[in-house]
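Structural characterization, general
The chain contents come next:
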Amino acid sequence: MLSTEFATGTALWMAFSTYVLAVIILYRFPGLLHTKRKQKYEYVLIAHRGGSAEKIENTIGAFRHAAEVCKADVLELDLHLTKDKQVVVVHDSDLKRLTGKDLIVEETNYKDLPELKQHPDVAFDPGARPPVCEDTRIPLFEEVLQQFPLLYLHIDLKHGSEELVQKVIGMLHCYNHADRCIWGSTATRVMEFCYSEDPSIAVFCSKSRVSQVVFLFWTGLLAFLPLREHAYELPHPQFLRGELQQLPGFAHTIVEAVYGLAFNSYLFRYLRRRGLKVCTFVINGEGVWKEMIDMGVSAMHTDRPQRMRQLLDRHPQLVARAMSAEDDLS
């Protein structure tokens with residue numbers, strides 16, 4: 001009886017030890033099992049909504065400033081569908097913050113959308129007041145594709161309709177931009193539809209997918225599973241602090257610890273070994289930009305692309321580090 005229990009225990013221990021050893025090896029050398037994803041485009045500086053602390057967000061003027069003055073690598077923008085089925089570039093469905101009008105994008109025809117107001121609140125940079133801008137019009141997505149044919153786009157679908165997904169796919173292929181963008185949504189259902197409709201277009205992780213990746217990584221299972229995403233994206237921890245402060249002490253500690261598993265340099269480095277971009281949002285301070293690159297982040301969304309470009313130009317080694325192969329980081 002004892003010998004049988006001993007044999008069983010030994011077998012289980014050997015199986016567990018073998019699993020742990022395999023995970024350690026595959027986390028360090030994922031190419032043994034997986035082909036490293038090849039990025040279609042390398043980037044570090046993502047102009048969030050075109051740089052909403054420097055120009056009115058999501059306008060052609062903001063995108064031109066980010067592209068021509070800031071030399072942003074990527075323009076990040078948000079898409080909605082109007083009542084008359086026009087694909088427009090705007091973040092909020094409720095236009096109160098941006099226009100002062102109580103209107104919903106999906107319930108309003110494009111010609112009836114109001115002008116954007118000067119100095120809208122900048123969500124990730126409280127107190128920021130972009131200078132007065134002449135361009136206060138909500139643009140069509142097609143205008144962005146026409147005016148910035150060579151720029152890489154980061155597309156966030158804010159409206160969850162299948163019709164929006166299909167319209168965007170059509171426009172991307174019409175303007176030969178499908179290979180110069182990454183897209184997706186925080187909603188898993190929308191992400192799944194995006195991928196099913198056109199798996200050739202690069203996608204980033206949805207919120208639930210980030211949670212899955214974190215769980216799979218810390219249990220070791222990710223070593224054996226494929227990853228279809230091109231980028232792992234999540235907010236910087238500083239933007240959770242306000243919400244965390246409202247939680248009881250014990251809950252605050254638990255949530256902070258769990259998020260530490262998601263925002264973790266070991267995970268970042270493994271994902272980069274697999275060929276994924278590791279992105280965080282939205283970062284607007286010089287010290288944090290440097291800290292993130294040292295931690296293993298390879299790209300950052302910022303509301304201040306001009307300031308970030310100045311930093312990267314002064315310290316080209318930061319760009320080299322952000323774009324380097326993972327083996328060069330350690």
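Here, every reference points to the structure presented above.
In short, a report on the structure.

Basis of the calculations
- Residues numbered from 1 in each chain as written.
- Predicted model: local features only at pLDDT ≥ 70, side-chain atom pairs only at ≥ 80, totals over all residues.
- Heavy atoms only, no water.
- Helix = DSSP H or I, 4+ residues; strand = E, 2+ residues; numbered from the N terminus.
- Rg over C-alpha atoms; globule rule 2.2 N^0.38 Å.
- Buried < 20%, exposed > 50% of the residue type's maximum accessible area, 1.4 Å probe, protein only.
- Phe/Tyr/Trp six-rings, centres within 6.5 Å; stacked < 30°, edge-to-face > 60°.
- Lys NZ or Arg CZ within 6 Å of the ring centre and 35° of its normal.
- Axes fitted to C-alpha atoms, helices over the stretch in contact; angles between N-to-C directions.
- Parallel < 35°, antiparallel > 145°, perpendicular 65-115°, else oblique.
- Contact = heavy atoms within 4.5 Å.
- Nonpolar A, V, L, I, M, F, W, Y, C, P; charged D, E, K, R; others polar.
- Pairing = 2+ DSSP bridges.
- Right-handed = clockwise from strand over helix to strand, strands pointing away.
- Core = buried A, V, L, I, M, F, W, Y, C linked by side-chain atoms within 4.5 Å.
- Salt bridge = Lys/Arg side-chain N within 4 Å of Asp/Glu carboxyl O.

Looking only at helices and strands, the chain features 13 helices and nine strands. By the compact-globule yardstick of 20 Å for 330 residues, the chain fits well, its C-alpha radius of gyration being 22 Å. Counting only C-alpha atoms, the chain reaches 80 × 45 × 45 Å along its principal axes. Here the chain holds 330 residues, and 50% of them are scored as buried.

A few words on the packing of aromatic side chains. Any pair of aromatic rings gets described here by the distance separating the centres and the angle formed by the planes. Under the defined criterion, the tally for this structure stands at 13 aromatic pairs. With 5.9 Å between their ring centres and 25 degrees between their planes, Y19 and F224 make a pair best called stacked. Placement of the pair is Y19 in helix 1 (residues 2–28) and F224 in the loop between helix 7 (207–219) and strand 7 (231–235), with a sequence separation of 205 residues. By relative accessible area, Y19 is classed as partly exposed at 28%. One aromatic cluster in this structure is built from Y27, F217, W218 and Y270. Sitting above the plane of the Y195 ring, R228 keeps its charged end 4.3 Å from the centroid. Its end group placed over the ring of Y43, K277 keeps NZ or CZ at 4.7 Å from the ring centre.

Another point: the packing of helix 12 (residues 305–314) against helix 13 (residues 316–323). Between helix 12 and helix 13, whose axes approach to 4 Å, the crossing angle comes to 95 degrees. The orientation of helix 12 with respect to helix 13, classified from their angle, is roughly perpendicular. Contact residues: L311, L312, D313 and R314 in helix 12; P316, L318 and V319 in helix 13. Considering only residue class, the contact of helix 12 with helix 13 consists of five nonpolar, no polar and two charged.

Taking every second residue as pointing to the same face, both faces of strand 9 (residues 299–302) are buried, with A299 and H301 on one and M300 and T302 on the other. Examined bridge by bridge, strand 1 (residues 45–47) and strand 9 share three bridges and lie parallel to one another. In the sheet register, L45 faces strand 9, and the bridge partner there is M300. After leaving strand 8 (residues 277–281), the chain enters helix 11 (residues 286–295) and then returns to the sheet as strand 9, a path that is right-handed.

Attention now moves to the nonpolar core. By size, the foremost hydrophobic cluster in this structure holds 72 residues, and its most contacted members are F141, I155, L157, W183, Y232 and L271. Per-element tally for this core: the top contributor is helix 5 (residues 162–174), with six residues. Beyond its immediate stretch of four places on either side in the chain, Y232 contacts C205, V210, V213, V214, A262, L267, F268, L271, L276, K277, V278 and C279. Formed by twelve residues, the second largest nonpolar core is a distinct cluster that contains I56, V90, V105 and L140.

On to the pattern of salt bridges. Applying the stated rule across the entire model yields 19 salt bridges. The partner of D92 in a salt bridge is R97, and the shortest N-O contact between them spans 2.7 Å. Judged by relative accessible area, which is 14%, D92 ranks as buried. Close ionic contact of E192 with R228 constitutes a salt bridge, the shortest N to O distance being 2.6 Å. Linking E192 in helix 6 (residues 188–197) with R228 in the loop between helix 7 and strand 7, this pair joins segments that are 36 residues apart in sequence. Judged by relative accessible area, which is 27%, R228 ranks as partly exposed.

Purely spatial values, then, with no claim about function.
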